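As a plain string of letters, each chain reads:
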Amino acid sequence: MTATSDSKKEGGFLETVRVIIHALLIALVIRTFLFQPFNIPSGSMKDTLLIGDYLFVSKYSYGYSRYSLPITLDLFSGRIFGADPARGDVVVFKLPKDNATDYIKRVVGLPGDKIQMIGGVLNINGVPVKRERLSDITEDDGSGRKVLVKRWRETLPNGVTYETLDLVDNGMYDNTPVYDVPPGHFFMMGDNRDNSQDSRVLSQVGYVPFDNLIGKAQVIFFSIDEGAAAWQVWNWPWTVRWDRLFKTVN
């Protein structure tokens, strides 16, 4: 083998390494500053988000905190280029209890708001949120039995509208005390009201600090039936929820 052929092989190997490193750096920049993928592991945001949905979250929507980095490092405090979320945004955030677990809920309360559930109806600053009864849907109750679940269209004071589920009447968190949202914090709730551990549970979630926000849920880029394995591509024709692909999150 000649020296020329050896140098060509070495040059080809180094070029491949450079391409891989560049690709990884680009992916790191995109994940850190632009979009981060998340998947939905629970039904707390049904019917807006389903178990098996994969979505992109925009990191730039609310600016950047130390939780925006792929590895949480205490490099700075507060937010850079911060922008408050709007009421009704679906947000991924770090659970305040451990500052590590990713949660996804809807912002219903802003700093200074008074939030309360009365008879299953969300009240903001003493005013019941407008909601419209929709047709019931069928859900599995967890034991394999199919049950009818009430479905509502809820409209927040700023006009944001979305669907909520009401599994049971007079559920555990259908009637609550008044929650006073502190400055610099937000009140989060799941759309599946009787199956969501959210800000109503002060000991587990509570008020979410602005710094804990990671980004705004934007679009579902992939979705597969609950219980199906995403890596089993040969089953995709039957297990992928094609109608949910590239659906915006509202």
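The structure under discussion appears in the preceding block.
Please read these numbers as outputs of a predicted model, since none were measured by experiment.

Novice: I keep staring at the overall build of the chain and nothing clicks. Help me out?
Specialist: When you go through the chain residue by residue, the secondary structure sums to two helices and 15 strands. Counting all 250 residues of the chain, 40% fall into the buried class. The long-range fraction of contacts in the chain, counting pairs at least 24 apart against all pairs at least 6 apart in sequence, stands at 57%.

Novice: Can you help me understand the nonpolar core in this one?
Specialist: Nonpolar side chains in soluble globular proteins tend to end up buried together. Leu49, Leu55, Val90 and Ile104 are the most contacted members of the largest nonpolar core, which has 13 residues in total. Where this core is concerned, the elements lending two or more residues are β2 (53-58), β3 (90-94) and β14 (213-223). Each residue touching Ile104, except ones within four places of it in the same chain, is listed here: Ile40, Ser44, Met45, Leu49, Leu55, Val90, Val91, Val92, Phe93 and Ala217.

Novice: I tried to follow the packing of aromatic side chains on my own but got confused; where do I start?
Specialist: Any pair of aromatic rings gets described here by the distance separating the centres and the angle formed by the planes. On inspection of all chains with the given rule, the structure shows nine aromatic pairs. Residues Phe93 and Tyr103 carry aromatic rings whose centres are separated by 6.0 Å and whose planes lie at 55° to one another, so their mutual orientation is tilted. A residue pair is termed long-range when its members are at least 10 positions apart, and Phe93 in strand β3 and Tyr103 in strand β4 (residues 102-109) qualify at 10 residues. Judged on exposure class, the residue Phe93 and its partner Tyr103 are both buried. Joined through ring pairs, the aromatic side chains of Tyr54, Phe56, Phe221, Phe222 and Trp236 make up one cluster. When the ring centre of Tyr162 is taken as reference, the NZ or CZ atom of Arg106 above it lies at 3.9 Å.

Novice: Whenever I open this one, the side chain of Thr164 confuses me. Can you help?
Specialist: Of note, Thr164 is situated in strand β10 (residues 161-166). The exposure class of Thr164 is buried, given its relative accessible area of 2%. Those residues in contact with Thr164 that sit more than four places away from it in its chain are Lys150, Arg151, Trp152, Glu154, Asp191 and Arg193.

Novice: Would you mind going over the sheet that holds strand β8 (residues 130-140) with me for this structure?
Specialist: To summarise the sheet geometry, strands pair through backbone hydrogen bonds and adopt either a parallel or an antiparallel arrangement. With antiparallel pairing, the three strands of this open sheet are ordered in space as β8-β9-β10. Strands at the two margins of the open sheet, each flanked by one partner only, are β8 and β10. In this sheet, neighbouring strand axes are inclined to one another by 30° on average, regardless of whether the strands run parallel or antiparallel. Pairing of strand β9 (residues 146-155) with β10, which is carried by six bridges, proceeds in the antiparallel orientation. Across the sheet, the residue bridging to Trp152 is Thr164, located in β10.

Novice: Could you clarify how one ought to interpret a nonpolar patch on the surface in this entry?
Specialist: Taken together, Trp231, Val233 and Trp234 make up a surface patch of nonpolar side chains, about 400 Å² in accessible area. Along the chain, the position of Val233 falls in the loop between β14 and α2 (236-239).

Novice: Where do I start with the pattern of salt bridges in this structure?
Specialist: Any two side chains of opposite charge can pair if their charged atoms end up close together. Applying the stated rule across the entire model yields 15 salt bridges. The shortest N-O distance in the salt bridge between Asp113 and Arg87 comes to 2.6 Å. In this pair, Asp113 sits in the loop between β4 and β5 (114-118) while Arg87 sits in the loop between β2 and β3, placing the two residues 26 residues apart along the sequence. Summarising the burial analysis for this pair, Asp113 and Arg87 share the class buried. Note that Arg193 and Glu154 form a salt bridge whose closest N and O atoms lie 2.8 Å from each other. Of this pair, Arg193 sits in the loop between β12 (185-189) and β13 (208-209) while Glu154 is found in strand β9, placing the two residues 39 residues apart along the sequence.

Novice: Looking at this structure, I do not really get the sheet that holds strand β11 (residues 179-180). What am I missing?
Specialist: The strand order β7-β6-β5-β11 describes an open sheet built from four strands, whose pairing is antiparallel. Bordering the open sheet on either side are β7 (127-128) and β11, each of which pairs with just one other strand. One ladder, built from two bridges, connects β5 with β11; its direction is antiparallel. From the neighbouring strand, Ile115 faces β11, where its bridge partner is Tyr179.

Cut-offs applied
Residues numbered from 1 in each chain as written. Predicted model: local features only at pLDDT ≥ 70, side-chain atom pairs only at ≥ 80, totals over all residues. Heavy atoms only, no water. Helix = DSSP H or I, 4+ residues; strand = E, 2+ residues; numbered from the N terminus. Buried < 20%, exposed > 50% of the residue type's maximum accessible area, 1.4 Å probe, protein only. Contact = heavy atoms within 4.5 Å. Core = buried A, V, L, I, M, F, W, Y, C linked by side-chain atoms within 4.5 Å. Phe/Tyr/Trp six-rings, centres within 6.5 Å; stacked < 30°, edge-to-face > 60°. Lys NZ or Arg CZ within 6 Å of the ring centre and 35° of its normal. Pairing = 2+ DSSP bridges. Axes fitted to C-alpha atoms, helices over the stretch in contact; angles between N-to-C directions. Patch = residues over 30% accessible without salt bridge, like charges linked within 9 Å, V, L, I, M, F, W, Y side chains within 5 Å. Areas by Shrake-Rupley, 256 points an atom, 1.4 Å probe, with all protein chains shown as cover. Salt bridge = Lys/Arg side-chain N within 4 Å of Asp/Glu carboxyl O.

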